Amino acid sequence: MKYKALLMGNNQSIINDFFLQLNDYFECQNTSNRFDDIICHLKYFQPNVFVYCMTNETRDIMTQMVTIKKDKFPSRCPFVIIATQEDCDEFRRLSVDTADFELVRPISTAQIRGKLVNYLEQKLGPIDINEPEPPAAIQSVLPDVGDHRSIYDELDPMLSSPLPSASALPSASALPPISAIPSVPSTEAHVRKHILVVDDDFRMLKLIKRYLDNDYDIATAINGKVARKFLETKSTNLILLDYEMPEENGPAVLEKLRANPATRQLPVIFLTGINDAQKIRQVLALRPQGYLLKPIERDKLVQAIEKAIG
């Protein structure tokens, strides 16, 4: 088991240290400074601690965090800031009691680990880092459907629509006779299906690989160009495709895959934080096999994959 840490702020160096060097004690998730994004992560990720990694933060964002801490925070989720003494003092001037614990920079990664773990053990109780993690630690963020339910009800039929006919597939006469295909001994394990994950966020690639490694062969690509290069010489059963990527976004990648006869029939599932109805309609017009909102819940991801490729 690990403490679940929700991270926010402009100090990407410290946030990266949490993911890469402090992952023996912390299961980490990053959130933007958008109000709705923070609230969704608090609700679905259910962190044990919120860590605000401050540097060059605007006064508006700091004021927003004071409001969120006061009105929206779970009672047992400490609010921790990592900042220079000057930033700590500025944050304290906005609200004396918002930060439950302060770590003053400069501070080493080892000091962050020691001081923060010690504080959380006193506040929440100790954890056993050798105890297995529960499955599906990160929950899926579908919007609180209320006002959005009609959008998804409207778009859902498009997800189940069949792909265009597979005219590019070889005819039955072009296939070898059954007698020419060597039989597989009954004791041999079934061939694992292959999934290609395309995402520019290495943390998301690592997370999905961890979710699926036991049941599928996984390859990763940081952009559409790398993915297409991979597909020139190798094959896959399914592509998990990020919506928002620099230079070439997910819809652009999917359009190129659909335009290529060699990849036209590949099943594609979008992974994204976008929940704008108009953008969803544009993407679904390209006939993906699914559309999952981040953060990804393991069970829903597996269910979508099984629906797409069995």
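Residues numbered from 1 in each chain as written. Predicted model: local features only at pLDDT ≥ 70, side-chain atom pairs only at ≥ 80, totals over all residues. Heavy atoms only, no water.

Chemist: Go over the sheet that holds strand β5 (residues 101–105) with me, naming the residues and quoting the values.
Modeler: The 5 strands are arranged β2-β1-β3-β4-β5 in an open sheet whose pairing can be described as parallel. This sheet does not close on itself; its edge strands, each paired only once, are β2 (26–30) and β5. Strand-to-strand twist across the sheet, computed as the mean angle between neighbouring axes with direction ignored, equals 25°. Note that strand β1 (residues 3–8) and β2 share 5 bridges and pair parallel. Along β2, the bridge assignment pairs Tyr3 with Phe26. Sitting on the sheet, helix α1 (residues 12–20) is in contact with β1, β2, β3 (49–53), β4 (79–84) and β5, with an inclination near 140° to β2. The strands touched by helix α5 (residues 109–124) are β1, β2, β3, β4 and β5; relative to β5, the strand with the most contacts, the crossing angle is about 175°. (Pairing = 2+ DSSP bridges. Helix = DSSP H or I, 4+ residues; strand = E, 2+ residues; numbered from the N terminus. Axes fitted to C-alpha atoms, helices over the stretch in contact; angles between N-to-C directions. Contact = heavy atoms within 4.5 Å.)

Chemist: Now, about unusual backbone geometry: what can you tell me, with residues and values included?
Modeler: In the segment running from Arg105 into Pro106, the intervening peptide bond is cis, with an omega of 0°. Positionally, Pro106 belongs in the loop between β5 and α5. Non-glycine residue Asn56 carries a positive phi angle of around 55°. Mapped onto the fold, Asn56 is located in the loop between β3 and α3 (59–71). Phi at Glu247 is positive, roughly 70°, even though this residue is not glycine. Position of Glu247 among the secondary structure elements: in the loop between β8 (238–242) and α9 (250–259). Accessibility expressed as a relative area gives 89% for Glu247, which makes it exposed. (Buried < 20%, exposed > 50% of the residue type's maximum accessible area, 1.4 Å probe, protein only.)

Chemist: Outline the side chain of Lys4, listing residues and values.
Modeler: Looking at where Lys4 falls in the secondary structure, it is placed in strand β1. As a buried residue without a salt bridge, Lys4 has its nearest oppositely charged side chain in Glu27, at a separation of 5.2 Å. A distance of 2.6 Å separates a polar atom in the side chain of Lys4 from the backbone oxygen of Phe45. (Lys, Arg positive; Asp, Glu negative; His and termini not counted. Salt bridge = Lys/Arg side-chain N within 4 Å of Asp/Glu carboxyl O. Polar contact = N/O pair within 3.5 Å; in protein donor to acceptor, adjacent residues only side chain to side chain.)

Chemist: Lay out the state of the cysteines with the relevant residues and their values.
Modeler: Should the sulfur atoms of two cysteines be covalently bonded, the bond is a disulfide. This model, assessed by the stated rule, comprises 0 disulfides. Distance from the sulfur of Cys28, which forms no disulfide, to the nearest cysteine sulfur (Cys53) is 9.2 Å. Residue Cys53 is classed as buried on the basis of its relative accessible area, which comes to 0%. (Disulfide = S-S within 2.5 Å.)

Chemist: Explain α3 to me, and be specific about the residues and the numbers.
Modeler: Compared with the 18 Å implied by 1.5 Å per residue over 13 residues, the 18 Å span of α3 between its first and last C-alpha is a close match. Turning to α3, its buried residues number three or more, namely Ile61, Met62, Gln64, Met65, Val66, Ile68 and Lys69. On its buried side, α3 packs onto β1, α2 (35–45), β3, β4 and α4 (85–94). (Expected span 1.5 Å × (residues − 1).)

Chemist: Provide a residue-level description of the pairing of β8, including the pertinent values.
Modeler: Each regular strand carries side chains that alternate between the two faces of the sheet. Judged by how many residues are buried, β8 sits mostly within the fold: 5 of 5 residues are covered. Of the two faces of β8, the one carrying Leu238, Leu240 and Asp242 and the one carrying Ile239 and Leu241 are both buried. Pairing analysis gives 4 bridges linking strand β6 (residues 194–198) to β8, with the strands arranged parallel. Each residue of the ladder has a partner; that of Ile195, found in β8, is Leu238. Once you follow β8 into α9 and on to strand β9 (residues 268–272), the crossover reads as right-handed. (Right-handed = clockwise from strand over helix to strand, strands pointing away.)

Chemist: Quick rundown of the pairing of β6? Include the residues and the values.
Modeler: Within β6, 5 of the 5 residues are buried, which leaves it mostly tucked inside the rest of the structure. Relative to strand β7 (residues 217–221), β6 is paired through 5 bridges, and the arrangement is parallel. When the sheet's bridge partners are listed, His194 is paired in β7 with Asp217.

Chemist: I'd like a rundown of the nonpolar core, residues and numbers included.
Modeler: Formed by 23 residues in total, the largest nonpolar core has its most connected members in Leu196, Val198, Leu231, Ile239, Leu241, Phe270 and Tyr291. Elements with a minimum of two residues in this core: β6, β7, α8 (224–233), β8, α9, β9, α10 (277–284) and β10 (290–293). Counting residues in hydrophobic clusters, the runner-up holds 22 residues, among them Ala5, Phe19, Cys28 and Val117. (Core = buried A, V, L, I, M, F, W, Y, C linked by side-chain atoms within 4.5 Å.)

Chemist: Provide a residue-level description of the environment of Tyr52, including the pertinent values.
Modeler: For Tyr52, the position within the fold is in strand β3. The exposure class assigned to Tyr52 is buried, which follows from its relative accessible area of 0%. Excluding residues that lie within four positions of it along the chain, Tyr52 makes contacts with Met8, Gly9, Glu57, Ile61, Met62, Met65, Phe79, Val80, Ile81, Ile82 and Phe91. Of the polar contacts made by the side chain of Tyr52, one reaches the side chain of Glu57; its length is 3.2 Å.

Chemist: Describe the side chain of Glu248, with residues and values.
Modeler: Locating Glu248 in the fold gives a position in the loop between β8 and α9. On the accessibility criterion, Glu248 (12% relative accessible area) is buried. Looking at Glu248, its side chain comes within polar contact range of the side chain of Arg228, at 3.2 Å. A polar side-chain atom of Glu248 sits 2.6 Å from a polar atom in the side chain of Lys256. Leaving out residues up to four positions away in the same chain, Glu248 has contacts with Gly224, Lys225, Arg228, Val253 and Lys256.

Any functional reading would require information that these geometric values do not contain.
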